[in-house]
Amino acid sequence: MFKDHLAAVEAKHEKEMQLLKREVDKREAERARFEQLYRHAITPKPAPAAECLIKQDELLEFLAMTHLETEDVEYITHQRELIISRGQDRTEQIMRSPELRAWLIEPNSKELLIHGHSEPLPVSPLSFFCTILMKNLRSVERFKSVAFFCGCHPHDEYGGARTLIMSLLSQLLQQSSFDLSFIDHEIAYRMGGGDTRTFCYVFGQLVKQVKKTETVFCVIDGVNFYERNDEQDTADVLRFLLDLANESAPIYKILLTSPSTTEDVRQAIRDEDYLALPEQAANTLGFSKERVERQWQEEFGDGQG
């Protein structure tokens, strides 16, 4: 009887120990779970990625300016013979100028205004020079280059300040990937309403995203045709594009050309950033595209050193 009683006591004790162990294990598991929840609560969480309201391809589609600059360059190139007959030496004069060399070579943001002192033609020898310049700039991977030919877009629904900045914005978007999360509903709404200053703001934000090791080139040909316009938007866009040269990064270079003289634009440019071509060519050499290309390589190579 005693042995049976002892065995029963031991069995009861073992059962109680098992129950106690399960309770301890249960509480230990709960404690571990609470510790995990606590650590999760106090651990700093990364900021959620900003949601893009509009994708890059959608913005390009909205701007509807994808082929504008390419079509302008093709048109100007087709006018080559007529253009050359009006100023056959203009391109080579500019290529040899110390002002252009300084604009291209100096490792800092810079402006340059070129006056052709010739007929105020919508498409001029300076326009042809700009097409050659853009071709060479586009051949360098670390350059982001945009251009607009004012003489090809008079002040109608397809011209003016808004077309200018929208075209530049479209060209830049086609050359790199950008973070568009800064475009909120208000900015999208203003762009949808055609607000020129908002397009300027977006362009400026994209320029700031360009790598510091790269250079942005902006070329505006025939600026005299837009200077004559009384719209404040035109003056605001040109002033904005010039002011970008005062930003710290990336390097931003802007070239403005005019077959004739300008007034307001000239006043905004320092003397050292101004090139006035002579009224007549200094020589009578016929134009040679091959000679210009060779001179470009000799003078500038692939651009900045």
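Position labels on residues start from 1 in each chain and follow its written sequence. Only residues with pLDDT of 70 or above have their local features reported here, since the model is predicted, and side-chain atom pairs are shown and tallied only from 80 upward, although totals for entire chains, interfaces and linings are computed over all residues. As a convention, hydrogens and water are excluded, and side-chain values are obtained from all of the structure's heavy atoms.

This next bit is on helix α12 (residues 232-243). Note on helix geometry: an α-helix contains 3.6 residues per turn, so any two residues three or four positions apart are oriented the same way. Here α12 spans 16 Å end to end across twelve residues, near enough to the 16 Å set by a 1.5 Å rise per residue. Along α12, the positions that sit buried rather than exposed are Thr234, Val237, Leu238, Phe240, Leu241 and Leu242. The helix and strand labels rest on DSSP assignments: H or I over at least four residues marks a helix, E over at least two residues marks a strand, and numbering proceeds from the N terminus. The span expected for a helix works out to 1.5 Å for each residue beyond the first. Buried residues are those whose accessible area, probed at 1.4 Å on protein chains only, stays under 20% of the maximum for their type, while exposed residues exceed 50% and partly exposed ones sit between those limits.

If you walk across this open sheet you meet the five strands as β2-β3-β4-β1-β5, and the pairing is parallel. Looking at the sheet topology across the chains shown, the edges are occupied by β2 (143-149) and β5 (274-276). Neighbouring strand axes in the sheet, compared pairwise and without regard to direction, differ in orientation by 10 degrees on average. Two strands qualify as a pair provided DSSP detects at least 2 bridges between them. Bridge analysis of β2 against strand β3 (residues 215-221) gives seven bridges, and the strand direction is parallel. By the bridge assignment, phenylalanine 143 is partnered in β3 with threonine 215. Contacts from helix α6 (residues 98-105) reach β1 (110-115), β3, β4 (251-258) and β5, with the element oriented near 155 degrees to β1. In this description, a line fitted to the C-alpha atoms serves as the axis of each element, helices being fitted only across the stretch in contact, and the angle between N-to-C directions of two axes falls anywhere from 0 to 180 degrees. Contacts are assigned to residue pairs that have any heavy atoms within 4.5 Å of one another.

Turning our attention to the environment of threonine 77. Among the secondary structure elements, threonine 77 is positioned in helix α3 (residues 68-78). The class of threonine 77 is partly exposed, set by a relative accessible area of 37%. Separated by 51 residues in sequence, threonine 77 and phenylalanine 128 place their C-alpha atoms 6.9 Å apart. At a separation of 2.7 Å, a polar atom in the side chain of threonine 77 contacts the main-chain carbonyl oxygen of valine 73. Polar contact criterion, stated in full: a pair of N or O atoms within 3.5 Å, where within protein one must be able to donate a hydrogen and the other to accept it, and residues adjacent in sequence count only if both atoms are side-chain atoms.

Look at alanine 64: it is not a glycine, yet its phi comes out positive at around 55 degrees. One can find alanine 64 in the loop between α2 (56-63) and α3. With relative accessibility at 61%, the residue alanine 64 sits in the exposed group. Positive phi, normally seen in glycine, also occurs at histidine 117, with a value near 50 degrees. The residue histidine 117 is located in the loop between β1 and α7 (125-138) in this model.

The element β1 is largely enclosed, with a buried count of six among its six residues. Neither face of β1 is exposed, since Lys110, Leu112 and Ile114 on one face and Glu111, Leu113 and His115 on the opposite face are all buried. With three bridges joining them, β1 and β5 adopt parallel strand pairing. When the sheet's bridge partners are listed, leucine 113 is paired in β5 with tyrosine 274.

Turning our attention to the pattern of salt bridges. Salt bridge criterion: a side-chain nitrogen from Lys or Arg within 4 Å of a carboxyl oxygen from Asp or Glu. If you walk through the whole model with that rule in mind, you get ten salt bridges. The shortest N-O distance in the salt bridge between glutamate 69 and arginine 138 comes to 3.4 Å. With a gap of 69 residues between them, glutamate 69 in helix α3 and arginine 138 in helix α7 connect regions that are remote in the sequence. Of the residues examined, arginine 138 reaches a relative accessible area of 36% and is grouped as partly exposed.

Once that is clear, we can look at the packing of helix α8 (residues 161-173) against helix α10 (residues 196-209). Viewed as axis vectors pointing N to C, α8 and α10 meet at an angle of 25 degrees, and their least axial separation amounts to 9 Å. For the element pair α8 / α10, the angle class is roughly parallel. The two elements α8 and α10 meet at a crossing, and its hand is left-handed. Facing Ala161, Arg162, Ile165, Met166, Leu168, Leu169, Leu172 and Leu173 of α8, the residues of α10 in contact are Thr196, Phe199, Cys200, Val202, Phe203, Leu206 and Val207. Here the term charged refers only to Asp, Glu, Lys and Arg, the term nonpolar to Ala, Val, Leu, Ile, Met, Phe, Trp, Tyr, Cys and Pro, and the term polar to all other amino acids, Gly among them. Grouping the constituent residues of the contact of α8 with α10 by class yields 13 nonpolar, one polar and one charged. An angle counts as roughly parallel when it lies under 35 degrees, as roughly antiparallel when it exceeds 145, as roughly perpendicular when it falls between 65 and 115, and as oblique in every other case. Here a crossing is called left-handed whenever its near helix is offset anticlockwise from the far helix by less than a right angle, and right-handed whenever the offset is clockwise.

We now examine the packing of aromatic side chains. Note on ring pairs: Phe, Tyr and Trp rings are taken, using the six-membered ring of Trp, and paired if centres are within 6.5 Å. Classes follow the plane angle, with under 30 degrees stacked, over 60 edge-to-face and the rest tilted. This structure, assessed with the given rule, holds five aromatic pairs. Seen from their ring centres, phenylalanine 143 and phenylalanine 217 are 4.8 Å apart, and the 65 degrees between their planes marks the pair as edge-to-face. With phenylalanine 143 in strand β2 and phenylalanine 217 in strand β3, the pair connects residues that are 74 residues apart, well separated along the chain. The exposure classification of phenylalanine 143 matches that of phenylalanine 217, with both residues buried. An aromatic cluster is defined as three or more aromatic residues linked by ring pairs; in this entry it consists of Trp103, Phe143 and Phe217.

What follows is about α2. Buried within α2 are the following residues: Gln56, Leu59, Leu60 and Leu63. Along the long axis of α2, the arc covered by the buried residues comes to 100 degrees, so they all point the same way. Opposite its buried face, α2 presents the exposed residues Asp57 and Glu61, each directed more than 90 degrees away. The secondary structure elements touched by the buried residues of α2 are α8, α9 (185-192) and α10. Once α2 finishes, alanine 64 follows within two positions and takes phi at roughly 55 degrees, a positive value. Arc definition: it is the arc formed by the directions from the helix axis to the C-beta atoms.

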